[in-house]
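# Summary of structural features
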Amino acid sequence: MEVCFWGVRGSIPAPPTTADLQKKLLRVLELASGKDISSNESRLALLNSLPERDTTFLGGNTPCVELRVGNKILIFDMGTGLRELGDHLIKTGKTQRDLELHVFISHTHWDHMQGFPFFVPAYRPNVTVHFYFAHPQFKERLESQQDYRFFPVSLEFMASKKVYHHLEVNSIITIDDIIVKTTELNHPGKSFSFRVEHGGKSFVYASDGEYNNLPNSKIAGYINFFREADFLVFDAPYSFSEEMEKINWGHSSALVGIDLSAKAKIKTIALFHHAPENDDSAVFNLLETAINYRKQNYPNANLNILLAREGLEIRI
Ligand SMILES: [Zn+2]
Ligand SMILES: [Zn+2]
């Protein structure tokens, strides 16, 4: 399977600013001093040799993660990143034939839903969108997002075929030979996590979840759900101190993610749902703290930690 990130910010879109760009440019110019920048090739080679934090943007779109499993496309959440995924599907000719998309909805907070009206494939009659959700009123919420008072085009007007699959909590479903398990996360109004298993590989999407003040049995349940996953997408907008201040806000930190991942023997954790108020360098600082925390507390854990970033594609 292959994971591709289309939106990684939480809460509200947070596009990079000119000040953010200038900060990166200044650092690149500093690092380039004395280096060969005489040709395009040498400049490109130099850029590719510099740390990712200086040469990329994490991106400003809200959550949307694509998982390609065999010839199936699974999509986790419909934040504003969904618009770009839709444009990509069109540009790469995927919508020229009949196309089935499998969209899993963690919950219906704006940052996880707002991309759908701008998802162009959903306007094509040869596209089928399968929605998988655990909130019983999902369809009603999706329709009301496109009520004429909020958006000019109604859900009904979108010509794709829409199929609604209500998931029971702790259920297991299959899409051909793909297995998907669902569990509930601790988040205001509830959020749901999904675990995908296929061909001996496993992927977990766990956005918008808090793990403070939960009984040990609940934590053990999450560790079990995450167990030995090859790849975990984990809601980690907070530093440790923010996490202590924002009890019951329904989010978590990289440090909690590392505790859970080490116990569950996860191979890779992708820190996700970056806070809109944190610029890229603040998010990279959280990553550094997380890496040091793992080294100190779990020196023998074989756990890779990375930042989810728009456009990042990883084969699992
Ligand atoms: Zn969110
Ligand atoms: Zn939320």
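Up top is the structure these notes are about.
Below is a short write-up of the structure. (Residues numbered from 1 in each chain as written. Chains lettered and ligands numbered in written order. Predicted model: local features only at pLDDT ≥ 70, side-chain atom pairs only at ≥ 80, totals over all residues.)

The next subject is the pairing of strand β8 (residues 178–185). As paired strands, strand β7 (residues 172–175) and β8 are joined by four bridges and run antiparallel to one another. Residue pairing across strands places Thr174 opposite Ile179, the latter belonging to β8. The turn joining β7 and β8, which pair antiparallel and follow one another in sequence, is formed by two residues; a positive phi near 50° is taken by Asp176. Remark: five residues form the turn of the hairpin made by β8 and strand β9 (residues 191–198), two consecutive strands paired antiparallel; Gly189 in that turn has positive phi of roughly 80°. (Pairing = 2+ DSSP bridges. Helix = DSSP H or I, 4+ residues; strand = E, 2+ residues; numbered from the N terminus.)

In this model, helix α1 (residues 18–32) (15 residues) spans 20 Å end to end at C-alpha, consistent with the 21 Å of a helix rising 1.5 Å per residue. Judged by how many residues are buried, α1 sits mostly at the surface: zero of 15 residues are covered. (Expected span 1.5 Å × (residues − 1). Buried ≥ 20, exposed ≤ 12 C-beta atoms within 10 Å, placed from the backbone.)

What follows is about the sheet that holds β7. The seven strands lie next to each other as β7-β8-β9-β10-β11-β12-β13, forming an open sheet whose pairing is mixed. The sheet is open, and its two borders are formed by β7 and β13 (304–307), each paired with just one other strand. Within the sheet, the average angular offset between the axes of one strand and its neighbour, ignoring direction, is 20°. Relative to strand β10 (residues 201–206), β9 runs antiparallel, the two being bridged by five bridges. Bridge assignment links Val196 to a residue of β10, and that residue is Phe203. (Axes fitted to C-alpha atoms, helices over the stretch in contact; angles between N-to-C directions.)

Further remarks concern the pairing of strand β2 (residues 64–69). Within a regular strand, the side chains alternate between the two sheet faces. β2 sits mainly inside the fold: five of its six residues count as buried. As paired elements, strand β1 (residues 2–7) and β2 share five bridges and run antiparallel to each other. For Gly7, the partnering residue across the bridge sits in β2 and is Cys64. Relative to strand β3 (residues 72–76), β2 runs antiparallel, the two being bridged by five bridges. Counterpart to Val69 in the pairing with β3 is Lys72.

Of all residues except glycine, most have a negative phi; of all peptide bonds, most are trans. A positive phi angle is found at Asp77, which is not glycine, with a value near 70°. Since 29 C-beta atoms lie within 10 Å of it, Asp77 is described here as buried. Although it is not a glycine, Asp208 adopts a positive phi angle of roughly 65°. On the basis of neighbour count, Asp208 is assigned to the buried category, with 30 C-beta atoms found within 10 Å.

With that settled, consider the packing of helix α8 (residues 254–264) against helix α9 (residues 280–297). For any two helices packed against each other, one specifies the inter-axial angle together with the distance between the axes. Where α8 meets α9, the closest approach of the two axes is 9 Å, and the angle between their N-to-C directions is 35°. In this structure, α8 meets α9 at a crossing whose hand is right-handed. Facing Ala254, Leu255 and Ile258 of α8, the residues of α9 in contact are Leu286, Ala290, Tyr293 and Arg294. In the contact of α8 with α9, the residues fall into six nonpolar, no polar and one charged. (Left-handed = near helix turned anticlockwise from the far one by under 90°. Contact = placed C-beta atoms within 7 Å. Nonpolar A, V, L, I, M, F, W, Y, C, P; charged D, E, K, R; others polar.)

Now for α9. Between its first and last C-alpha atoms α9 spans 26 Å; for 18 residues at 1.5 Å apiece the expected length is 26 Å, and the two agree. Of all the residues in α9, the buried ones are Asp280, Val283, Leu286, Ala290 and Arg294. Along α9, the residues classed as buried sweep out an arc of 115° about the axis, all on the same side. Facing away from the buried side of α9 by more than 90 degrees, the exposed set consists of Ala282, Glu288, Asn292, Lys295 and Gln296. Here the buried face of α9 lies against α1, α3 (52–55), α8, β12 (268–272) and β13. (Arc of directions from axis to C-beta.)

This next bit is on the nonpolar core. Grouped together as the largest cluster of nonpolar side chains are 69 residues, with contacts concentrated most on Leu232, Val233 and Leu271. The dominant element in this core, judged by the number of residues it contributes, is strand β5 (residues 127–133), at five residues. The residues touching Leu232, leaving out its near neighbours within four places in the chain, are Val204, Ala206, Phe226, Ser261, Ile266, Ile269 and Ala270. (Core = buried A, V, L, I, M, F, W, Y, C linked by C-beta atoms within 7 Å.)

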